[in-house]
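What follows is the residue order along each chain.
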Amino acid sequence: MTQAFFDLVAAVVIVGALGVVMARSTVYAALFLIASLLGVAGVYVLLATEFLALVQLLIYGGAVTVLLLFALMLTHVRDLRERAPEPAQRLGALLAGGGLLAGFITMVYRTRWPRDNGTITSIDFNTIGNALFNRWAVPFEIASGVLLVALVGAVVIAMQEEGEHL
Amino acid sequence: MSIELLAAPLIDLPQRWMAALLAIIALTLVMTFAVMFATYYERKVVARMQQRLGPMRTGPYGIMQAFADTVKLVAKEDLRPATADPVAFELAVFAIFVPAFIALVAVPFTEDWIISPMPLSLLFLLAVSGLSFIGFLMAGWGSDSKYALLGGMRAAAQLISYEIPLILAMIGIVMVTSSVNVGDIIIFQDKVPLIVWQPLGFLIFLTASVAELERQPFDIPTGESEVAGGVFIEYSGIRWSMFQLTSYVNMYVFALLGAFVFLGGWEWPFGRDIGWGYQLFLTLAKMSLFIVFYLWSRTSFPRLRVDQLMSYAWKVLIPFALLQIFLNGLVLVYDLPDIVLLITSGAAALAMVALVYRAVRVTPRVPLKMVSNTMPARSVV
């Protein structure tokens, strides 16, 4: 049953990812991206990290993709033209994509993951909270500071574009 | 993965999977009938509040009206505009419909009546019900109509913005109960329901849930006088009824969530001592309180303007939700008595009500003109 579920989730992720790069319509590409990201949440469920799966739904399924869809639907992005790419361009894309894939696969195989004994240890929700807010509190605070700066910067840029003075 | 799992047949449903499947089918049917009743009930209650009779012709007191409506809607032709995007238009219904019903999986109707007990059920409910905006955007973009696109944009913007105060109010609850499981949160309230200790959080939840449901006065995405029905404009027949079904199912889900988290759910008072029948009664009675509130607010408040919508979320609800979290933190860290929470949170709730009342009652300094020479109201959608 688990294997069948994994096959299903993996199929959703891969078909979604292929759809993102192959769809001619940009809005379709964004919808495929959402399907792929939701599939990743399924992978997290299989790895027994329900919290990460739900956060994936909440952040990537919700907040991030809504920005993408808003930008695409409000700005009248034209669909890609039906045009065969140049042979050199095609070769370059193949080399870059294939090289990246090979690199990732070697990296996954050669890394010695800590505490890897072939079984899935379910991590408690409270453990994640303790790690995030006690042990790694400083990196967490730095990350939120960076996000705050980005937020204020976005507001400043948006206000200047509308011709208002600060 | 081990060899045994690979060798297992593809379709090998164990008993608990069958039980879950049957429970989901039963729940879907029950919810469909509950929604049919809700449409009748809504028309009757709203009619009462407007000194009308409501549906009276079909059956005694119009009780068969919902069945007649259902037959009419299902039999109606399912139209699609010629220029609409076929895939997005047809699939949008399911992108809204499925998350609403999936959320019901984690709803504990009584102590034992739950399809899938999970340790993070509160987060699950919020995360899954937050996915419906994809369907609204697909419907708005796929319909190839300006009104539908505007309505879809408004719906998505509103859903995403009001999710923030909703989740912040829930974080306050999670801090106090130190659990993300709805069942544990309900058992935590066996003495006193949480509305007593978190009145500010309750107010924020109530407001944000009306906005999440896109009901009046937050029906900006579907406002007839502005966007002529919004995303529903091009839909008819069975697809339109599925949209309506979903919005009522969402109403039930949020009413249940409020009943569980703030009113003590099936536990308060004496739920576990008496039995499941009484627990079911408690759940449904508290859920009905919320539903009556949603209907009442529909007939009582005028619709917000689209620029007021965002400033209300960002300048009123979110700061007050953060204040509630801060108060909870103070009480937890310094181990203050619970009564401090009641007084401070209650005072903040009163302050929020006073602030909104003042903003509503203020008289415009300049008399309203038909053509304004001041800056027009700024809004994105």
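Residues numbered from 1 in each chain as written. Chains lettered and ligands numbered in written order. Predicted model: local features only at pLDDT ≥ 70, side-chain atom pairs only at ≥ 80, totals over all residues. Heavy atoms only, no water.

Visitor: Outline the domain arrangement of chain B, listing residues and values.
Guide: Residues and elements named next belong to chain B. Taken domain by domain, chain B comprises domain 1 (13–75) and domain 2 (81–360). Using C-alpha coordinates to define each centre, domain 1 is positioned 21 Å away from domain 2. Across the contact, 19 residues belong to domain 1 and 19 residues belong to domain 2. Note on domain 1 versus domain 2: buried area summed over both sides is about 1,800 Å², and carbon and sulfur give 82% of it. Area buried by domain 1 at its contact with domain 2 is led by Met 31, Glu 42 and Leu 73, which between them contribute 32% of it. Remark: the boundary between domain 1 and domain 2 carries two salt bridges. The partner of Arg 298 in a salt bridge is Glu 42, with the nearest N and O atoms 2.5 Å apart. Counting every contact that joins domain 1 to domain 2 gives four residue pairs in polar contact (both at pLDDT 80 or more). Looking at the side of domain 1 that touches domain 2, the elements with two or more residues in it are helix H2 (15–49) and helix H3 (65–75). (Domains from an automatic or database assignment. Contact = heavy atoms within 4.5 Å. Buried area = accessible area lost by both parts, 1.4 Å probe. Salt bridge = Lys/Arg side-chain N within 4 Å of Asp/Glu carboxyl O. Polar contact = N/O pair within 3.5 Å; in protein donor to acceptor, adjacent residues only side chain to side chain. Helix = DSSP H or I, 4+ residues; strand = E, 2+ residues; numbered from the N terminus.)

Visitor: Residue-level account of the packing of H2(B) against helix H11 (residues 237–262) of chain B, with values.
Guide: Residues and elements named next belong to chain B. Closest axis-to-axis distance for the H2/H11 pair is 9 Å, and the angle between their directions is 90°. Between H2 and H11, the angle falls in the class roughly perpendicular. For the pair H2 and H11, the contacting residues are Met 31, Thr 32, Ala 34, Val 35, Ala 38, Thr 39 and Glu 42 in the first and Leu 245, Tyr 248, Val 249 and Tyr 252 in the second. Classifying every residue of the contact of H2 with H11 gives eight nonpolar, two polar and one charged. (Axes fitted to C-alpha atoms, helices over the stretch in contact; angles between N-to-C directions. Parallel < 35°, antiparallel > 145°, perpendicular 65-115°, else oblique. Nonpolar A, V, L, I, M, F, W, Y, C, P; charged D, E, K, R; others polar.)

Visitor: Outline the interface of chain A and chain B, supporting the account with residue identities and numerical values.
Guide: At the interface, 27 residues of chain A touch 32 residues of chain B. Of the roughly 2,600 Å² buried between chain A and chain B, counting both surfaces, carbon and sulfur atoms make up 84%. In this assembly, chain A and chain B are joined by zero salt bridges. Seen at the junction of chain A and chain B, the total is one residue pair in polar contact (both at pLDDT 80 or more). Among the elements of the structure, helix H1 (2–22), helix H2 (26–46) and helix H3 (50–74) of chain A are those that each provide at least two residues to the side of chain A that touches chain B. With 14 residues, the top contributor of residues to the side of chain A that touches chain B is H3(A). Considering only residue class, the side of chain A that touches chain B consists of 18 nonpolar, six polar and three charged.

Visitor: Before we move on, can you summarise the side chain of B:Glu163 with the specific residues and values?
Guide: Among the structural elements, B:Glu163 can be located in helix H7 (residues 146–177). Lacking a salt bridge, the buried B:Glu163 has B:Arg215 as its closest oppositely charged neighbour, with an N-O distance of 18 Å. Setting aside its immediate chain neighbours within four residues, B:Glu163 contacts A:Leu58, B:Leu126, B:Gly130 and B:Glu212. (Buried < 20%, exposed > 50% of the residue type's maximum accessible area, 1.4 Å probe, protein only. Lys, Arg positive; Asp, Glu negative; His and termini not counted.)

Visitor: Please give an account of the pattern of salt bridges that cites residues and values.
Guide: Residues and elements named next belong to chain B. Applying the stated criterion to the full structure yields ten salt bridges over all chains. Between Glu 42 and Arg 215 there is a salt bridge; the shortest N-O distance is 2.6 Å. Placement of Glu 42 in helix H2 and of Arg 215 in the loop between helix H9 (199–213) and helix H10 (224–227) is noted, with a sequence separation of 173 residues between them. Considered together, Glu 42 and Arg 215 belong to a single accessibility category, that of buried residues.

Visitor: Which residues make up helix H4 (residues 86–103) of chain B, and what are the values?
Guide: An ideal rise of 1.5 Å per residue puts 26 Å on 18 residues; H4(B) measures up with 27 Å between its terminal C-alpha atoms. Helix geometry: H4(B) is bent most strongly at B:Ala92, by close to 30°. Here H4(B) has its buried residues at B:Ala88, B:Phe89, B:Ala92, B:Val93, B:Ile96, B:Phe97, B:Pro99, B:Ala100, B:Phe101 and B:Ala103. Buried-residue contacts for H4(B) involve H2 of chain A together with H2, helix H5 (121–129), helix H6 (133–142) and H11 of chain B. (Expected span 1.5 Å × (residues − 1). Bend = angle between axes of the 7 residues up to and from the residue.)

Visitor: Which residues make up the packing of aromatic side chains, and what values go with them?
Guide: Residues and elements named next belong to chain B. The final tally for this structure, using the stated rule, is 16 aromatic pairs over all chains. Plain terms: the ring middles of Phe 89 and Tyr 235 are 4.2 Å apart, the flat faces sit at 0° to each other, and that makes the pair stacked. Within this pair, whereas Phe 89 is found in helix H4, its partner Tyr 235 is found in the loop between H10 and H11, the two being separated by 146 residues in sequence. Taking 6.3 Å as the distance between ring centres and 25° as the angle between the ring planes, the aromatic pair formed by Phe 218 and Tyr 312 counts as stacked. Placement of the pair is Phe 218 in the loop between H9 and H10 and Tyr 312 in helix H14 (residues 306–333), with a sequence separation of 94 residues. Residue class for Tyr 312 comes out buried when judged on its relative accessible area of 16%. (Phe/Tyr/Trp six-rings, centres within 6.5 Å; stacked < 30°, edge-to-face > 60°.)

Visitor: An account of H2(A) is requested, with residue identities and associated values reported.
Guide: The end-to-end C-alpha separation of H2(A) is 31 Å, in line with the 30 Å expected for 21 residues at 1.5 Å each. Regarding H2(A), the residues found buried are A:Thr26, A:Val27, A:Ala29, A:Ala30, A:Leu31, A:Ile34, A:Ser36, A:Leu37, A:Gly39, A:Ala41, A:Gly42 and A:Leu46. Of the surrounding elements, those touching the buried residues of H2(A) are H1 and H3 of chain A together with H6 of chain B. A:Ala48 occupies a position one or two residues after H2(A) and carries a positive phi of about 65°.

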